[in-house]
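Listed here are the chains, written in short residue letters.
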Amino acid sequence: MTQGRLCVLGIETSCDETAVALVDGNGRILAERVASQTVEHAPYGGVVPEIAARAHVQHLDSLIAEVVGEAGVPLSDIDAVAATAGPGLIGGLLVGLSTAKAIAVALAKPLIAVNHLEGHALSARLVAEAPFPFLLLLISGGHCQLQLVTGVGRYRRLGTTIDDAAGEAFDKTAILLGLGYPGGPAIERAARDGDPTAHALPRPMRGRDGADFSFSGLKTAVRHLRERVPDSRVEDVAAGFQAAVIDVLVDRTRNALAMARAEAPALGHLVVAGGVAANQAIGGALADLAAGEGLDLVVPPPRLCTDNGVMIAWAGIERLRLGLTDGLDAPARARWPLDPDATPAPFAGIKA
Ligand code: KG4
Ligand code: ZN
């Protein structure tokens, strides 16, 4: 196919979503499927790696067949196959990557081993103008990072969480408040009817140098508050928690921006990705920050913020254009930092 009409199959199996998509070089989504395993994991209160891997095995082949069928593009017509190779749960990664390798061998197509975090980072460029360099705030259930992105495969980590990820904090706090899983949407809903000033909650790391995050103290503060004031309104606590998260995210992003600008003065865009980016209140606060700083804000739509196959296919297209393909010996990697020079965080979650 010609450059503009490149067509890449994307496969995502790093956590609890089996996702497949066919995307073309113009950013057109020809077909996509996301099979969530929330129901399978719900009885255990979290993702069980073995159950996840098994579910990926069960669903992946038929999802690929459905996507190819709906798009009307035979596999023999695709230009490359891209799969998430890390970071994530190793069993699931092996399912997706092995399947991609089998397709690549059988059809003599290039393989692209995609970093899941790069998938999140580049998804912004599928939906909007987001020229390099840009500042990336990645906020999901497993990651909370600020990265200076200067090109495909070119990242400098400016900040990360030293304990929980932002989404993890939402999920754990929601459990404390009896709001169920996933916690983010439930807290956002409850917070709409709450008074964020009803209770004083901490803003961990706010005002400190650098751009690192910490959320576990905030979650603990919510637990203590509920113990101390058992009749506190769930809505008020949810609103207070969300307001604290927002203050921290804005403060850390502002610091990261100053760090990024010192290295890349031409930086003109702030990209926010990951499941937590679906939160309207967080989006609003980051929009205000971006406006004040003279930046264009890009937040992909929620279905592209949560884990999906489209972002993997699109990262595949960006890599294929640059000739960045991988050999059949490309490993699945449970840990795979975007910035190889970044020192590991004290606690590094495995979800993405
Ligand atoms: O990126 P994602 O789908 O999965 C990974 O973690 O890889 O993100 C899921 C996370 C969950 O922690 C969920 O609670 C959070 O995103 N989330 C939200 C919202 N929607 C999803 N957090 C805050 N507000 C939301 N509206
Ligand atoms: Zn993710």
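Residues numbered from 1 in each chain as written. Chains lettered and ligands numbered in written order. Predicted model: local features only at pLDDT ≥ 70, side-chain atom pairs only at ≥ 80, totals over all residues. Heavy atoms only, no water.

Caption draft 1: Structural context of the overall build of the protein chain. Regarding its fold elements, the protein chain presents 11 helices and 10 strands. Taken over the C-alpha atoms alone, the protein chain extends approximately 65 × 50 × 35 Å along its principal axes. The buried share of the protein chain, reckoned over its 352 residues, is 55%. Residue pairs in contact within the protein chain that sit at least 24 positions apart in sequence constitute 74% of those at least 6 positions apart. (Helix = DSSP H or I, 4+ residues; strand = E, 2+ residues; numbered from the N terminus. Buried < 20%, exposed > 50% of the residue type's maximum accessible area, 1.4 Å probe, protein only. Contact = heavy atoms within 4.5 Å.)

Caption draft 2: Molecular detail of the pairing of strand E7 (residues 144-151). Burial within E7 is extensive, with 7 of its 8 residues counted as buried. Bridging between strand E6 (residues 134-139) and E7 involves 6 bridges; their strand directions are antiparallel. The residue of E7 that forms the bridge with Leu136 is Gln147. Taking the residues that link successive antiparallel strands as the turn, the E6-E7 hairpin has 4 residues. Bridge analysis of E7 against strand E8 (residues 154-160) gives 6 bridges, and the strand direction is antiparallel. Looking at the pairing, Val149 lines up with Tyr155 of E8. Two successive antiparallel strands, E7 and E8, enclose a turn made up of 2 residues, where Gly153 displays a positive phi of approximately 75 degrees. (Pairing = 2+ DSSP bridges.)

Caption draft 3: Structural detail: unusual backbone geometry. Residue Pro87 is bonded to the preceding Gly86 through a cis peptide linkage, with omega at -15 degrees. Looking at the secondary structure, you find Pro87 in the loop between strand E4 (80-86) and helix H3 (90-107). A cis geometry characterises the amide bond from Phe132 onward to Pro133, with omega recorded as -5 degrees. The residue Pro133 is located in the loop between helix H4 (116-127) and E6 in this model. In this model, Ala108 sits at a positive phi of 55 degrees, which is unusual for a non-glycine residue. Positionally, Ala108 belongs in the loop between H3 and strand E5 (111-115). At Met205, a residue that is not glycine, the phi angle is positive and equals roughly 80 degrees. With respect to the helices, strands and loops of the structure, Met205 is situated in the loop between helix H6 (183-191) and helix H7 (216-228).

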